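The primary structure of each chain is shown beneath.
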Amino acid sequence: MRNRPRLKRDGAKPKTGIVHFGPGAFFRAFNAVYTHEAIENAGGDWGIIAVSLRSTAARDQLLPQGGVYTSVTRTQSGTKHEIIGPIADVKVAAEDPFAVLDAMTDPSVKIVSLTITEKGYCHEPATGRLNLDHPDVIHDLAHADSPQSAIGFIVSALARRRKADFPGFTVLSCDNLPSNGQLVRELVLEFARIIDGQLAEWIEQNASFPATMVDRITPATTDQDIETLGFEAGYYDPACVAHEAFRQWVIEDNFVGGRPAWETAGAQFVTSVGAHETMKLRCLNGTHSALAYLGYLAGYETISECVADRHFASLCEKLWHNEIIPTLQQPHGEDLGAYCDGLLQRYRDPTVRHRTWQIAMDGSQKLPQRILGTITDNLAKGFVPPGLCLVVAGWMRYIGGHDESGGAIDVRDPLAGRIKDICEGASDTVNALLTLEEVFPQELADSSEFQHAVAAAYRRLVTLGARASVAEFIKD
Ligand code: CS2
């Protein structure tokens with residue numbers, strides 16, 4: 001496939017107004033596409049300097065082709081290619097942190113956006129506080145001028161802007177975290193207060209942190225995607241990204257230095273994102289994680305294969321109707337029942353090969369906002385939700401590292417080491433894992449109804465297996 005000519009930018013690079021951390025598949029399928037269309041529709045100097053903290057992959061893929069790449073929309077009725085232009089430069093922070101800080105200090109940059117995944121925030125998922133034991137946080141607090149973490153870069157760049165008497169910028173979190181704007185604001189201010197209280201006050205007055213709800217199912221790009229695009233389009237584009245057609249972006253309209261006209265590309269600007277965000281995290285990401293753990297254990301490679309098994313489709317439906325929707329407020333303009341029906345249609349699309357293993361990654365960072373908050377809300381109403389407790393048990397079984405035929409699972413999780421130690425020494429895996437205070441809030445871990453429901457589900461998983469456990473749950 002490398003014999004094909006490489007995709008190349010045709011024309012000039014855009015002038016930049018955004019620095020974006022996390023130039024992976026989701027950013028390319030989502031933020032950059034919205035920005036591309038906003039620039040086409042309404043203009044503006046909103047080109048993007050994309051930054052990866054350590055990995056050189058995005059830089060090596062994108063720079064040889066002038067920053068452009070192909071967004072490939074796959075549906076059962078066909079494929080659409082679009083060349084996406086806003087990425088003007090790609091930097092690797094670990095190679096040259098000062099180049100990244102220089103870019104972020106330039107007053108032409110009005111927005112610093114983030115798709116760094118849950119673990120990129122260096123926080124404790126159960127409390128939302130900065131993890132002061134995180135090696136990058138320890139490093140950045142000691143060397144605030146040459147940071148390694150995204151939070152460290154934001155604080156350091158804002159300190160430089162304050163010193164230079166430049167305006168602040170908008171920090172736009174686009175990760176699947178609850179109240180992501182408020183969360184990143186608290187983390188930035190907590191970090192800033194430790195190094196300089198006056199800087200923290202300046203940030204409060206000069207930066208903004210709008211919350212966002214982001215949604216587009218985007219599997220990691222595979223060699224097969226690159227090859228297929230090569231056949232279809234006749235060029236080589238290792239930076240391409242394939243994704244579903246659906247997309248939804250709900251954003252709090254609170255930008256200190258302006259923004260692209262993303263509404264011309266379909267983004268919804270609202271005064272509060274909360275209800276949308278909780279709906280999406282609990283309905284979509286919650287059932288995604290359910291299918292990831294239980295589906296992987298049952299031997300399914302992708303989400304569409306998994307929901308083609310009617311037991312797993314019913315699992316989603318029962319979770320939505322009995323355990324998730326009753327905890328939600330209906331967001332303005334949405335119908336929760338129709339929203340969930342739409343999710344099942346999206347999951348069923350076989351052209352989007354989303355691996356259960358990919359979604360299962362980093363579960364310790366995902367479980368609180370996807371599953372545990374919903375369980376807590378149910379418990380508060382006196383109901384112990386059996387399906388969600390089965391999902392927690394599924395996660396515990398999965399991170400034990402062995403599938404149902406005894407094969408090793410490649411568990412990827414920032415807490416993997418700690419989890420392994422806990423499991424190895426324990427006679428009671430469930431109780432041992434419930435002591436992980438980074439994941440389980442104290443009150444939940446102490447609930448005897450929750451403990452019993454998870455322990456019973458875990459025993460069923462071990463004795464019956466995941467598919468039979470799901471079958472038993474849906475028939476109750
Ligand atoms: C998925 C999400 O990998 C995961 O954890 O649940 O990436 C999901 O596909 C997106 O949030 C959809 O918008």
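Residues numbered from 1 in each chain as written. Predicted model: local features only at pLDDT ≥ 70, side-chain atom pairs only at ≥ 80, totals over all residues. Heavy atoms only, no water.

Draft legend 1. Representation of the site of the ligand within the structure. With respect to spatial proximity, the complete set of residues near the ligand consists of N176, D215, R216, I217, K280, N285, H288, H354, I359, K366 and R370. Between N176 and the ligand, the recorded distance is 2.9 Å, taken from a side-chain N or O atom to an oxygen atom. In this structure, an oxygen atom belonging to the ligand sits 3.0 Å away from a side-chain N or O atom of N285. Protein contacts shield 89% of the accessible area of the ligand, which totals 340 Å² for the unbound molecule. Counting residues per element, the ones that place at least two in the shell around the ligand are α10 (274-297) and α15 (363-380). Residue contributions to the shell around the ligand peak at 3 residues, all from α10. Of the residues in the shell around the ligand, the class split is 2 nonpolar, 4 polar and 5 charged. (Near = heavy atom within 4 Å. Polar contact = N/O pair within 3.5 Å; in protein donor to acceptor, adjacent residues only side chain to side chain. Areas by Shrake-Rupley, 256 points an atom, 1.4 Å probe, with all protein chains shown as cover. Helix = DSSP H or I, 4+ residues; strand = E, 2+ residues; numbered from the N terminus. Nonpolar A, V, L, I, M, F, W, Y, C, P; charged D, E, K, R; others polar.)

Draft legend 2. Main features of the side chain of E252. Here E252 is to be found in strand β10 (residues 248-252). Of the buried charged residues, E252 lacks a salt bridge, with R185 as the closest side chain of opposite charge at 9.4 Å. With residues near it in sequence (within four places) discarded, E252 still touches F209, P210, A211, V270, T271, S272 and V273. (Buried < 20%, exposed > 50% of the residue type's maximum accessible area, 1.4 Å probe, protein only. Lys, Arg positive; Asp, Glu negative; His and termini not counted. Salt bridge = Lys/Arg side-chain N within 4 Å of Asp/Glu carboxyl O. Contact = heavy atoms within 4.5 Å.)

Draft legend 3. Just the nonpolar core, in detail. In this structure, W320, Y347, M396, F440 and F450 are the most contacted members of the largest nonpolar core, which totals 73 residues. Ranked by residues supplied to this core, first place goes to helix α16 (residues 386-399) with 10 residues. Apart from the residues lying within four places of it in its own chain, the contact partners of F450 are L372, I375, L379, C389, V392, L434, F440 and L444. The next biggest cluster of nonpolar side chains, apart from the first, holds 40 residues, and it includes L177, L183, V188 and F209. (Core = buried A, V, L, I, M, F, W, Y, C linked by side-chain atoms within 4.5 Å.)

Draft legend 4. Representation of helix α4 (residues 97-105) within the structure. Looking only at α4, the buried set comprises P97, V100, L101, A103, M104 and T105. For α4, the elements touching its buried residues are β1 (16-21), β2 (47-52), β5 (87-92), β6 (111-114) and α6 (150-163).

Draft legend 5. Here's a closer look at the sheet that holds strand β4 (residues 78-84). Spatially, β4-β3-β9 is the arrangement adopted by the 3 strands of the open sheet, whose pairing is mixed. Two strands lie at the open edges of the sheet, namely β4 and β9 (241-243), each paired on one side alone. Direction aside, neighbouring strands of the sheet carry axes that sit 20 degrees apart on average. By the bridge criterion, 7 bridges tie strand β3 (residues 69-75) to β4 in an arrangement that is antiparallel. Paired with T70 across the strands is I83, a residue of β4. Contacting β3 and β4, helix α2 (residues 31-42) runs over the sheet at an angle of about 70 degrees to β4. (Pairing = 2+ DSSP bridges. Axes fitted to C-alpha atoms, helices over the stretch in contact; angles between N-to-C directions.)

Draft legend 6. Expanded view of the pairing of β10. Most of β10 sits inside the fold, with 5 of its 5 residues counted as buried. Residues Q248, V250 and E252 of β10 are buried on one face, and the alternating residues W249 and I251, pointing to the opposite face, are buried as well.

Draft legend 7. Seen up close, the sheet that holds β2. In space, the 5 strands of this open sheet follow the order β5-β2-β1-β6-β7, with parallel pairing throughout. A strand with exactly one partner marks an edge of an open sheet, and here the two such strands are β5 and β7 (170-173). Here the strands of the sheet are splayed against their neighbours by 20 degrees on average, with no regard to which way each runs. In this structure, β1 lies alongside β2, joined through 5 bridges in parallel fashion. What sits directly across from F21, in β2, is V51.

Draft legend 8. Inspection of the environment of E37 at higher detail. Assignment of secondary structure puts E37 in helix α2. Residue E37 is classed as buried on the basis of its relative accessible area of 17%. The spacing of E37 and I84 is 47 residues in sequence and 8.7 Å in space, taken between C-alpha atoms. In contact with E37, not counting residues within four places along its chain, are E82, R247, T264 and A265. Side-chain polar atoms of E37 contact the side chain of R247, separated by 2.8 Å.

All we've got here are geometric facts, nothing functional implied.
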